[in-house]
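Topology and contacts: notes
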Amino acid sequence: MHDVVIIGAGPAGLSAAISCRELDLDVLVVDEFPKPGGRLLGQLHQEPSGEWWNGILETKKLVDRAAELDTRIECGVSVHHIEKTETGFNTHTNQGIFPSENLLIATGAAESPAPIPGWTLPGVMSIGAAQVMTNVHRVRVGNKGIVAGVNVLSAAIAIELQLAGVELHSMVLPAKNAVNKHHANPKAVMEGLVRVAHLAPSPFIRFGSKFANNPLVRDIAVKFFPKGGVKMGDMPIHVRKSMIQINGTDKVESVTLANLTTDGEVIPGSEEIVEVDFVCIAGGLYPLAELAAVIGCPFQYVEELGGHVPVHNEQMETPVDGLFVAGNITGIESSKVAKDQGTLAGISIANRKYGKNADLEFSIIEAKKQVHRTRDNASIQFHPGIREGRQRIHQTYIAQEQANN
Ligand SMILES: Cc1cc2nc3c(=O)[nH]c(=O)nc-3n(C[C@H](O)[C@H](O)[C@H](O)COP(=O)(O)OP(=O)(O)OC[C@H]3O[C@@H](n4cnc5c(N)ncnc54)[C@H](O)[C@@H]3O)c2cc1C
């Protein structure tokens, strides 16, 4: 029986494992990917300070530290079921069942789909798949592509693809339909662009970002959005153009774009065909939280956190005794926040294991402060109102605890 099983070897799971091992707990980390690092492996961007954030090097630091502490990390192990037992948990995997006293779920996030007619053709991929192929596997995804979906993730990854020498025609909105309603609305998308303004060397976005929290100014910015788009690297971003169709017989050959009104309606007669050989679709991210539901952990829908998240308190504890969560499963944020949440979760697990002591309680307070500092300084912020979202989920935890006592 392990003191703790950690599901997910991304920045949250690895950091939690390190803090658990530093506090002498017996830890097993499992991950279904062939190597540890999670989504951190694919990240490569320049911080506002000018420093580069290289996910492969950051992963190496975590894995090396875990190795120094003799941490057991098993990759290629996929978890499909979890059972609550009298003494803790049984984690069911393709490599057998692992019993533990405590369990940390750090499974990260998944991409939301954004359907566009023709999206089943070979050559259409999610923006995250393009990131993994380019930065992790060093595979060129195509010769000339286009991105459908204007958001923080697509902006960050489009820059990475251009750095790798991949040509991108432009970034446009996806076709409007029941699923894409929000992502196909120029005004809603403009609001999101504000959070990536610092990635864009465009005076238009930088200037607009100062005022875009004001709905009137934002609507004017949409109305007067430059016809040629605003440049991010060599690629223009358009919020008044939509990809209404992906064309091809056996693979992607072209896309049909159309101009939009400020309300996102296609302007008839504005259609144009653009030749490309791949399409990246970016529908945003949501917390990958199914495994917490399997054990009966309560959930709450919190828009600011990216969707349904397991109820938890500020020290990453859920209402299910011995079950902890950390990283993007608790809400979509950058890998630096996920890392600090993992450290905090590890200390909380040790505190439970050792029957709560003053030193660990003090470390928990310090680790919470660190999460706040990192959040305040994050260069990538996926959702506005993240702090309010966090407060709401923590209040739900407290309300449920009070109701149960
Ligand atoms: C496609 C994509 C691209 C992203 N790009 C960026 C970016 O450029 N910059 C940025 O700051 N953030 C990015 N993020 C957000 C990113 O998730 C966080 O930055 C950070 O990696 C979250 O850390 P984590 O440890 O919570 O999860 P992850 O890093 O996602 O790690 C979770 C791990 O859990 C494993 N896992 C999941 N389910 C199971 C299971 N059932 N059994 C076994 N193992 C499992 C996965 O294989 C994975 O290794 C991206 C997220 C996604 C989904």
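Structure first, text after, so check above.
Definitions and cut-offs
Numbering of residues begins from 1 in every chain and follows the order in which that chain's sequence is written. Given that the model is predicted, a residue must reach a pLDDT of at least 70 before its local features are reported, and side-chain atom pairs must reach 80 or more before they are shown or counted; all residues, however, enter totals for whole chains, interfaces and linings. Heavy atoms throughout the structure, all of them, feed into the side-chain values; hydrogens and water do not. We define a salt bridge as a side-chain nitrogen of Lys or Arg found within 4 Å of a carboxyl oxygen belonging to Asp or Glu. Numbering of helices and strands runs from the N terminus; a helix is a DSSP stretch of H or I covering at least four residues, while a strand is a stretch of E covering at least two. The rule is simple: take the accessible area with a 1.4 Å probe, protein chains only, and divide by the maximum for that residue type; under 20% is buried, over 50% is exposed, in between is partly exposed. All axes are obtained by fitting lines to C-alpha atoms, using only the stretch in contact for helices, and the reported angles, taken between N-to-C directions, cover 0 to 180 degrees. Geometric relationships in this document are graded by angle, where less than 35 degrees denotes roughly parallel, more than 145 denotes roughly antiparallel, 65 to 115 denotes roughly perpendicular, and other angles denote oblique. Crossings are sorted by hand: turned counterclockwise from the far helix by less than a right angle, the near helix makes the crossing left-handed, and turned clockwise it makes it right-handed. Contacts between residues were defined by any pair of non-hydrogen atoms, one from each residue, lying within 4.5 Å. Near, as used in this document, describes a residue that has one of its heavy atoms within 4 Å of the molecule or strand being considered. Any pair of N or O atoms that falls within 3.5 Å is considered a polar contact. Within protein, one atom must be able to donate a hydrogen and the other to accept it, and sequence-neighbouring residues count only if both atoms are side-chain atoms. Note that accessible areas follow from Shrake-Rupley with a 1.4 Å probe, and for residues the cover is restricted to the protein chains shown.

So, about the pattern of salt bridges. Applying the stated criterion across every chain, the model contains 16 salt bridges. Here Glu265 makes a salt bridge to Lys176, at a shortest N to O gap of 2.7 Å. Taken as a pair, Glu265 in the loop between strand S15 (254-259) and strand S16 (272-275) and Lys176 in the loop between strand S12 (167-174) and helix H5 (186-193) lie far apart in primary sequence, 89 residues in all. Overall, the relative accessible area of 42% leaves Glu265 in the partly exposed class. Across the pair Asp263 and Lys187 runs a salt bridge whose closest N-O atoms are separated by 3.2 Å. Taken together, the positions of Asp263 in the loop between S15 and S16 and Lys187 in helix H5 put the pair 76 residues apart, joining distant regions of the chain.

What follows covers the packing of helix H3 (residues 127-136) against helix H4 (residues 152-163). Viewed as axis vectors pointing N to C, H3 and H4 meet at an angle of 30°, and their least axial separation amounts to 10 Å. Taken together, H3 and H4 sit at an angle that is classed as roughly parallel. Of the two elements, H3 crosses H4, and the hand of that crossing is left-handed. Here Ile127, Gly128, Ala130, Gln131, Thr134 and Asn135 of H3 come into contact with H4, specifically with Leu153, Ser154, Ile157, Glu160 and Leu161.

Neighbouring residues of the ligand: 33 residues in total, closest Asp31, Arg39, Val79, Asn328 and Ser335. Note that an oxygen atom of the ligand is positioned 3.1 Å from one of the side-chain N or O atoms of Gln43. Here the ligand has 960 Å² of accessible area as a free molecule, and 95% of this is covered by the chains. When contributions to the shell around the ligand are tallied by element, the ones reaching two or more residues are helix H1 (11-22), strand S9 (109-111), H3, H4 and helix H9 (335-353).

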